[in-house]
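Observations on the model geometry
Listed here are the chains, written in short residue letters.
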Amino acid sequence: MRIKVWGLSLFVLASLSGTMPTFAQNPFGIWQTNEGKTGAYLHIRVAPCHDNTDLLCGYIHKAFKTPHTQIVGRRIFWNLAPSGPGKWHNGMVWDIENGKAYRATLSLTASTLRIEGCLGPICKGQDWAKVQ
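Residues numbered from 1 in each chain as written. Predicted model: local features only at pLDDT ≥ 70, side-chain atom pairs only at ≥ 80, totals over all residues. Heavy atoms only, no water.

Of note, H43 is situated in strand β2 (residues 41-48). Excluding its chain neighbours within four sequence positions, the residues that come into contact with H43 are I30, W31, Q32, Y59, I60, H61, K62, F64 and V131. (Helix = DSSP H or I, 4+ residues; strand = E, 2+ residues; numbered from the N terminus. Contact = heavy atoms within 4.5 Å.)

Now for the pattern of salt bridges. Scanning all chains against the criterion turns up three salt bridges. Here R114 ties to E116 by a salt bridge, and the two come within 3.1 Å at their closest N and O atoms. For E116, a relative accessible area of 23% corresponds to the partly exposed category. Note that D127 is salt-bridged to R114, the shortest N-O span being 3.2 Å. Placement of the pair is D127 in strand β8 (residues 122-130) and R114 in strand β7 (residues 112-119), with a sequence separation of 13 residues. Assessed through its relative accessible area of 38%, D127 is described here as partly exposed. On the basis of relative accessible area, R114 is assigned to the partly exposed category, the value being 27%. Counted as one network, the salt bridges with shared partners bring together R114, E116 and D127. (Salt bridge = Lys/Arg side-chain N within 4 Å of Asp/Glu carboxyl O. Buried < 20%, exposed > 50% of the residue type's maximum accessible area, 1.4 Å probe, protein only.)

Its identity is not glycine, yet K65 carries a phi of approximately 55°, on the positive side. Considering the arrangement of structural elements, one finds K65 in the loop between β3 (56-64) and β4 (75-84). Accessibility expressed as a relative area gives 60% for K65, which makes it exposed. In the Ramachandran plot, N79 falls in the positive-phi region, its phi being about 60° despite a non-glycine side chain. Among the secondary structure elements, N79 is positioned in strand β4. Owing to a relative accessible area of 28%, N79 belongs among the partly exposed residues under this scheme.

For the rest of this paragraph, the subject is the nonpolar core. The nonpolar side chains of soluble globular proteins are, as a tendency, buried together. With 25 residues, the main nonpolar core has I44, I76, F77, L80, L106, I115 and W128 as its most contacted residues. Where this core is concerned, the elements lending two or more residues are β2, β3, β4, β5 (87-95), β6 (100-108) and β7. Of all the elements, β3 adds the most residues to this core, at five residues. Each residue touching I115, except ones within four places of it in the same chain, is listed here: F77, L80, V93, A104, T105, L106, K124, G125, Q126 and W128. (Core = buried A, V, L, I, M, F, W, Y, C linked by side-chain atoms within 4.5 Å.)

Given below as structure tokens:
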């Protein structure tokens, strides 16, 4: 009986150690945006897109310091395709403050998720902190 349990334990450890690099480049979870002009901020749930799980989307999970709670559940960025380790591109991002959508890129470091929206060669972005 001990041999079987030991063998199973080794299999589980080997399986987990093989997937660790994937987790290091995984943006999934809840991220906090920067505060806007009014002090409002959002929690964004990053997950595969509902209509295409090969692409990355960000959904508004919670809104803070704003009466505009109707935006909860809405996509803030969508259709980002993987472009390398910790990088996604060719998607769109919605600027809540002006209501426009821009070409988007996303990059992940150990402690931040950087989202950028671009209009031609001009890009602006934010670094978000992981909440969970």
